[in-house]
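Each chain is listed here by its residues.
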Amino acid sequence: QVQLVESGGGLVKPGGSLRLSCAASRSFFRINTMGWYRQAPGKQRELVADITRGGSTNYADSVKGRFTISRDNAKNTVYLQMNSLKPEDTAVYYCNAEVVNLVPAWGQGTQVTVSS
């Protein structure tokens, strides 16, 4: 079983920045693609960005040019740098990891609120 723990959420003003981190336990398991999802009140969870073990990235159109996903394979950690934040970015952000021979893992979520 892999456990994911997110951190870095908070309250920021429009135009501000936040950096989210997600660390996976049990580093002896091989983790493939990792990603960030978000869920706003009354809406379905959606993909924000993901990244393969080799570093290939994918972003939702709504965050392209503003968010950057990265990872440190040695630490089994994925990051999401969020710049130029907008009120519509407000949501609970969840980390996800594809683990070889295991059911995909999810973090507990971290709240991001963008408000003036």
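In every chain, residue numbers begin from 1 and rise along the written sequence. A pLDDT threshold of at least 70 governs which residues receive local features in this predicted model, and a stricter bar of 80 or more applies before side-chain atom pairs are shown or counted, although totals over entire chains, interfaces and linings include all residues. Side-chain descriptors were evaluated using all non-hydrogen atoms of the structure, hydrogens and water having been removed beforehand.

Student: So what's going on with the pattern of salt bridges? Which residues, and what values?
Tutor: Should a side-chain nitrogen of Lys or Arg be within 4 Å of a carboxyl oxygen of Asp or Glu, the pair is scored as a salt bridge. Evaluation of the coordinates by the stated rule reveals 4 salt bridges. The residue E46 makes a salt bridge to R38 at a minimum N-O spacing of 3.0 Å. Residue classification places E46 among the partly exposed positions, given a relative accessible area of 37%. Put simply, R38, E46, R66 and D89 are held in one network by salt bridges that share partners. Remark: exposure states derive from per-residue accessible area (1.4 Å probe, protein chains only) relative to the maximum for the residue type, with buried under 20%, exposed over 50%, and partly exposed in between.

Student: Just give me the short version of the nonpolar core, but keep the residues and values in it.
Tutor: Within this scheme, the nonpolar core is defined by two criteria: the residues are buried Ala, Val, Leu, Ile, Met, Phe, Trp, Tyr or Cys, and they are joined through side-chain atoms within 4.5 Å. If you look at the biggest cluster of nonpolar residues, it comprises 30 residues, and the most contacted ones within it are W36, L80, M82 and Y93. Secondary structure elements follow DSSP: runs of H or I no shorter than four residues count as helices, runs of E no shorter than two count as strands, and numbering proceeds from the N terminus. Only β3 (18-24), β4 (31-39), β5 (46-51), β7 (67-72), β8 (77-82), β9 (91-99) and β11 (110-114) provide two or more residues apiece to this core. Take this core: its biggest share by element is 5 residues, from β9. Contacts are residue-level and defined by heavy atoms, with any inter-residue pair within 4.5 Å sufficient. Dropping the residues within four chain positions of it, Y93 is found in contact with E6, L20, W36, Y37, R38, V48, F67, L80, M82, G109, T110 and V112.

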